[in-house]
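Each chain, written out:
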Amino acid sequence: PELRRTYIRELEALSPNVQVLDGDYIIYRKVLIGGLNDFHACTKEAVVPLVEKWGQQAAEYGLSFILATHNADMLLHLESVDSSHRPHLTVCGHTHGGQIHAPFNLEFKVLKKDRLPKEGYIYGSYDYKGFPLYITSGLGCSLLPIRFGSYGEIAIFHLC
């Protein structure tokens, strides 16, 4: 926990415009942006009320609602969220865009435990059970510092 807090402090010290959202939200222009930790660090009982609260607040104030989370599997926890309180967009990463592309999605079927990538949700835009979703390949790597058939990216979203 102390290493994580140090890492977050260092990230936020980079710029006054950097804020780590872990169970918290900000309002930027006409958008409520809520941030959740990794799927494996959160329970359904903890995140469902939080997302419903953010969605309700966004609806009351006429705001768009974007949810940012590390892992797309977070949506497995959120399937019970009322459709009127769901995010207008969920943005996540975790898969590195299929860091090492193997035939037949083997990287995720054999090496990983995540559910949505096993179903083919690896990179790009999707609709997952009524949740608009964008999975970025990000810049990093996991385990091995290589990519094969996957390119790093910084996804830019224009908030109007």
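This text follows the structure it describes.
Okay, so let's go over this structure. Every value quoted in this text rests on a predicted model; they were computed, and no experiment measured them.

Analysis parameters
Residues numbered from 1 in each chain as written. Predicted model: local features only at pLDDT ≥ 70, side-chain atom pairs only at ≥ 80, totals over all residues. Heavy atoms only, no water. Helix = DSSP H or I, 4+ residues; strand = E, 2+ residues; numbered from the N terminus. Rg over C-alpha atoms; globule rule 2.2 N^0.38 Å. Buried < 20%, exposed > 50% of the residue type's maximum accessible area, 1.4 Å probe, protein only. Contact = heavy atoms within 4.5 Å. Areas by Shrake-Rupley, 256 points an atom, 1.4 Å probe, with all protein chains shown as cover. Lys, Arg positive; Asp, Glu negative; His and termini not counted. Charge placed at Lys NZ, Arg CZ, Asp CG, Glu CD. Salt bridge = Lys/Arg side-chain N within 4 Å of Asp/Glu carboxyl O. Pairing = 2+ DSSP bridges. Right-handed = clockwise from strand over helix to strand, strands pointing away. Patch = residues over 30% accessible without salt bridge, like charges linked within 9 Å, V, L, I, M, F, W, Y side chains within 5 Å.

1. Considering the overall build of the protein chain
- Helix and strand counts for the protein chain come out as five helices and six strands.
- Taken over C-alpha atoms, the radius of gyration comes to 16 Å for the protein chain, in line with the 15 Å a tight globule of 160 residues would show.
- Taken over the C-alpha atoms alone, the protein chain extends approximately 45 × 35 × 30 Å along its principal axes.
- Among the 160 residues that make up the protein chain, the fraction classed as buried is 40%.
- Of the contacts made within the protein chain by residues no fewer than 6 positions apart, 56% connect residues no fewer than 24 positions apart.
- Entry remark: accessible area of the protein chain is about 9,600 Å², with carbon and sulfur atoms responsible for 60%.
- Averaging the positions of the 15 positive and the 17 negative side-chain charges in the protein chain gives two centres separated by 3 Å.

2. Considering the pattern of salt bridges
- Under the definition given, this model contains five salt bridges.
- Here E2 and R9 are joined by a salt bridge, their closest N and O atoms 3.4 Å apart.
- A residue is classified by how much of its surface remains accessible, and E2, at 42% relative accessible area, is partly exposed.
- Residue R9 is classed as partly exposed on the basis of its relative accessible area of 48%.
- Of the charged contacts, one joins E119 and R115 as a salt bridge, the two residues approaching to 3.2 Å between their closest N and O atoms.
- The partly exposed category is assigned to E119, whose relative accessible area is 42%.

3. Notes on the pairing of strand β3 (residues 64-69)
- Note: strand β2 (residues 31-36) against β3, six bridges, orientation parallel. Pairing of I33 across the sheet is with I66, part of β3.
- For the handedness criterion, the β-α-β arrangement of β2, helix α2 (residues 44-60) and β3 is classed as right-handed.
- With three bridges joining them, β3 and strand β4 (residues 89-92) adopt parallel strand pairing.

4. Observations regarding a nonpolar patch on the surface
- The grouping of I100, L143, L144, I146 and F148 at the surface amounts to a nonpolar patch, some 560 Å² of accessible area in total.
- Structurally, I146 is set in the segment after β6 (131-135).

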